[in-house]
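Now for the letters of each chain:
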Amino acid sequence: MSKKKHVTLNVNGKTEEFLAEPRELLIYTLRERLNITGPHIGCETSHCGACTVTINGKSVKSCTMFAVQAEGAEITTIEGIGGPDNLHPLQEAFKEHHGLQCGYCTPGMITRATKLLEEIPNPTEAEIRFGMAGNLCRCTGYQNIVKSIQAAAAQMSAAKEAAE
Ligand code: FES
Ligand code: FES
């Protein structure tokens, strides 16, 4: 049996410390060890993006790394983006514009989209489709996902202008 390693993570603003085997994938750390079940497992082969989280400011598929590789990292999951009482504009927009059907891909989609809108606050449709290419959806045909991200971008830009 491999030797367990001490891991410290900051997840959604909370420090988590535990001993993990080197083979433990980060998605399992989040879901099974920390009970943070927003990030989903769709493929475990880095294709679907259902497990997307933000690690140190970058979108990462959490099935592609081991927990020990995330030592010291700041991680944000969908739970850290917004909840029922404080929906993020992207969550509002997905709800309003039917950006989801079964919802399985949605936590990863929205988590990725938060970074996309940080990188490109007013993306074109092509930029949205390119920027979201690592996140697959089996239900929606993507049209309403694009529409939701466009709506959130407009809403966030307007809010930013109003605040200036
Ligand atoms: Fe990680 Fe599909 S579960 S990319
Ligand atoms: Fe079902 Fe995307 S809403 S997989």
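This text gives an overview of the structure that appears in the document. (Residues numbered from 1 in each chain as written. Chains lettered and ligands numbered in written order. Predicted model: local features only at pLDDT ≥ 70, side-chain atom pairs only at ≥ 80, totals over all residues. Heavy atoms only, no water.)

It is worth spelling out the side chain of His88 at this point. For His88, the position within the fold is in the loop between helix 2 (78–81) and helix 3 (89–96). Here His88 falls in the buried class, since its relative accessible area comes to 16%. Ignoring any residue separated from it by four or fewer positions in sequence, one finds His88 in contact with Ile81, Gly82, Thr114 and Met156. (Helix = DSSP H or I, 4+ residues; strand = E, 2+ residues; numbered from the N terminus. Buried < 20%, exposed > 50% of the residue type's maximum accessible area, 1.4 Å probe, protein only. Contact = heavy atoms within 4.5 Å.)

Below, the discussion takes up the nonpolar core. One finds Leu90, Phe94, Met109, Met132 and Ile149 to be the most contacted residues of the largest nonpolar core, which totals 19 residues. Secondary structure elements with two or more residues in this core: helix 2, helix 3, helix 4 (106–119) and helix 6 (143–163). Core analysis: the next-biggest nonpolar cluster, separate from the first, contains 17 residues, Ala20, Ile36, Val53 and Ile75 among them. (Core = buried A, V, L, I, M, F, W, Y, C linked by side-chain atoms within 4.5 Å.)

The next thing to look at is the pattern of salt bridges. Taken as a whole and judged by the stated rule, the model has six salt bridges. Where Lys115 meets Glu118, a salt bridge forms, and the shortest distance between an N and an O atom there is 2.6 Å. In this pair, Lys115 and Glu118 are both assigned in helix 4, three residues apart and thus about one turn of the helix distant. According to the relative accessible area criterion, Glu118 is exposed, its value standing at 54%. The salt bridge partner of Glu125 is Arg129, with a shortest N-O separation of 2.9 Å. Of this pair, Glu125 and Arg129 both sit in helix 5 (residues 125–131), four residues apart, roughly one helical turn. (Salt bridge = Lys/Arg side-chain N within 4 Å of Asp/Glu carboxyl O.)

Across seven bridges, strand 1 (residues 5–11) lies against strand 2 (residues 14–20) in antiparallel orientation. By the bridge assignment, Asn10 is partnered in strand 2 with Thr15. What sits between the antiparallel neighbours strand 1 and strand 2 is a turn of two residues, in which Asn12 has the positive phi angle 50 degrees. (Pairing = 2+ DSSP bridges.)

Moving on to unusual backbone geometry. Although it is not a glycine, Asn12 sits at a positive phi angle of roughly 50 degrees. For Asn12, the location among the structural elements is in the loop between strand 1 and strand 2. Under the relative-accessibility criterion, Asn12 is labelled partly exposed at 29%. Not every positive phi belongs to a glycine, and Asn35 is a case in point at roughly 60 degrees. With respect to the helices and strands, the residue Asn35 is situated in the loop between helix 1 (26–33) and strand 3 (52–55).

Taking strand neighbours across the sheet as the criterion, the five strands line up as 2-1-5-3-4 in an open arrangement whose pairing is mixed. Edge strands, defined here as strands with exactly one partner in the open sheet, are strand 2 and strand 4 (58–61). Strand-to-strand, the axes of this sheet are offset by a mean angle of 40 degrees, without reference to chain direction. Taken together, the two bridges between strand 3 and strand 5 (residues 74–76) define a ladder with antiparallel strand orientation. Its bridge partner being in strand 5, Thr54 is matched across the sheet by Thr76. The sheet strands contacting helix 1 are strand 1, strand 2, strand 3 and strand 5, and the helix crosses strand 2 at an angle near 110 degrees. (Axes fitted to C-alpha atoms, helices over the stretch in contact; angles between N-to-C directions.)

Let's shift gears to the environment of Lys14. On the secondary structure map, Lys14 appears in strand 2. Along the primary structure Lys14 and Met132 are separated by 118 residues, whereas in three dimensions their C-alpha atoms are 28 Å apart.

Interpretation note: all reported values are geometric properties and have no functional meaning in isolation.
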